[in-house]
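The lines below spell out each chain.
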Amino acid sequence: MKKIVSIQDISCFGKCSLTVALPIISAMGIETAVIPTAVLSTHTGEGFSGYTFRDLTSDIPAIASHWKTMDLHFDALYTGYLGSMEQVDIVSDFFDDFGTDDNYIIVDPVLGDAGKLYAGFTDEFVEKMKKLCAKADFIIPNMTETAFLLGIPYTEDYDENYVKDALRRLAELGCKTPVITGVHYDDKLQGAAAYDSESDRYYFSFGRNVNSRFHGTGDIFSSVFSGACTLGKDIQQCLDISVKFTLDCIEATIPHMEETWYGS
């Protein structure tokens, strides 16, 4: 059985981060190990306030050290939300210890959305995340995160050439294959785009655009993409599977719009 380790926070209530990654990747038939970076009573998105937060930064090196004594091997290392620069450094060391020529490193560089950084993140944190992205085979930023990683103004007015240029510049950070999510040129279609820097090929996949905001969709996409990569799917298949499943989750959530605060 293939094995993935996912490193990100866990919210005890609400669907995002590990409460998305663990069930989805497991359902794909992949053994899913986890390293929680923090434990929260709920996720931090709109609809929740007063949540508890337990920082687990100091536990991560001890977990990694124990795993090294067990000589564990993973087919993919997949990171999501990292809450501090110290965590980024620790994860970078984890990549050095557990990354091999035979596995994938997949970084979802969680930084922000809708043109803004998430609370607590700074330009210095963005620079630190760039260095982590340089170690990855795949990075999966949204359009906001792409703008911050490239140091360019955020815009919602762009075309295919803009996306291709952004993908190529993301690859110049050091990763082999950048993937941008939330790509849409009009109100009808939305999807994702990828660039394989080794073959110099671009890939695109689109589905119906639902003009509303849903919590957790980025985590859904990244988790499915990570699972598909681990199962040996090619880039186009990974995009198609991830875009379709994410849209399926959105459409299943539409009849319950009053509960979108919980997650897709």
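That block above? That's the structure.
Residue indices begin from 1 for each chain and proceed along its sequence in written order. Only residues with pLDDT of at least 70 are given local features in this predicted model, and only at 80 or more are side-chain atom pairs given and counted; all residues enter the totals for whole chains, interfaces and linings. The basis for every side-chain value is the complete set of non-hydrogen atoms in the structure, without hydrogens or water.

It is not clear to me how unusual backbone geometry should be interpreted in this structure. Could you clarify?
Comment: phi is negative for the bulk of residues other than glycine, and the bulk of peptide bonds are trans. Phi at Ala 114 takes a positive value of approximately 55 degrees, unusual for a residue other than glycine. Per the convention used, a helix needs a DSSP run of H or I reaching at least four residues, while a strand needs a run of E reaching at least two, with both numbered from the N terminus. Secondary-structure assignment places Ala 114 in the loop between β6 (112-113) and β7 (116-117). Burial classification: accessible surface area is computed with a 1.4 Å probe over protein chains only, and a residue below 20% of its type maximum counts as buried, one above 50% as exposed, and the rest as partly exposed. Judged by relative accessible area, Ala 114 falls into the partly exposed class, the value being 42%. Backbone geometry places Asp 200, a non-glycine residue, at a positive phi of 60 degrees. Summarising the element assignment, Asp 200 is placed in the loop between β10 (189-196) and β11 (201-208).

Sorry if this is basic, but what is going on with the packing of aromatic side chains here?
What describes a pair of aromatic rings is the distance from one ring centre to the other and the angle between the planes of the rings. Each aromatic pair joins two rings of Phe, Tyr and Trp (for Trp, the six-membered one) with centres within 6.5 Å, and gets the label stacked for planes under 30 degrees apart, edge-to-face for over 60, and tilted for any other angle. The tally for this structure, following the rule as stated, stands at 15 aromatic pairs. Centroid distance Phe 204 to Phe 206: 6.5 Å. Interplanar angle 10 degrees. Geometry classified as stacked. With relative accessibility at 31%, the residue Phe 206 sits in the partly exposed group. Ring pairing ties together the aromatic residues Tyr 158, Tyr 162, Tyr 185, Phe 204 and Phe 206, which thus form one cluster. Over the ring of Tyr 202 we find Lys 164; its NZ or CZ atom is 5.2 Å from the centre of that ring. Note on criteria: charge over ring means Lys NZ or Arg CZ within 6 Å of the ring centre, with the direction from the centre no more than 35 degrees off the ring normal.

Please explain the sheet that holds β11 as it appears in this structure.
Sheet strands associate in pairs through backbone hydrogen bonding, adopting either a parallel or an antiparallel arrangement. A pair of strands is considered paired only if DSSP assigns at least 2 bridges between the two. Strands sit in the order β3-β2-β1-β4-β5-β8-β9-β10-β11 across an open sheet of nine strands; the sheet is mixed. Both outer strands of the open sheet, β3 (53-55) and β11, are each paired with one neighbouring strand and no more. Examined bridge by bridge, β10 and β11 share eight bridges and lie antiparallel to one another. Within the sheet, the bridge partner assigned to Asp 196 lies in β11 and is Arg 201. Only heavy atoms enter the contact rule, under which two residues are in contact if any of them lie within 4.5 Å. The convention used is that axes are lines fitted to C-alpha atoms, helices contributing only their stretch in contact, and that angles between N-to-C directions extend from 0 to 180 degrees. Along the sheet, helix α1 (residues 18-27) contacts β1 (3-11), β2 (31-40) and β4 (76-79); its crossing angle with β1, the most-contacted strand, is approximately 150 degrees. Where helix α8 (residues 235-253) meets the sheet, its contacts fall on β9 (177-183), β10 and β11, and the angle it forms with β11 comes to roughly 20 degrees.

Quick question: what am I supposed to make of the environment of Pro 178 here?
Turning to its location among the elements, Pro 178 is positioned in strand β9. As for Pro 178 and Leu 167, which are separated by 11 residues in sequence, their C-alpha atoms are 6.1 Å apart. Non-local contacts of Pro 178, meaning those with residues more than four positions away in its chain, are made with Ile 139, Leu 167, Leu 170, Ala 171, Ala 193, Ala 194 and Tyr 195.

What should I look at first to understand the state of the cysteines in this one?
Defined simply, a disulfide is a covalent bond joining two cysteines at their sulfur atoms. A pair of cysteine sulfur atoms is labelled a disulfide when the two atoms are within 2.5 Å. Summed over all chains, the structure comprises zero disulfides. As a non-bridged cysteine, Cys 133 has Cys 175 as the owner of its nearest cysteine sulfur, 6.7 Å distant. Judged by its relative accessible area of 0%, Cys 133 is buried. Not part of a disulfide, Cys 249 finds its nearest cysteine sulfur in Cys 16, a span of 14 Å. Residue classification places Cys 249 among the buried residues on the basis of a relative accessible area of 16%.

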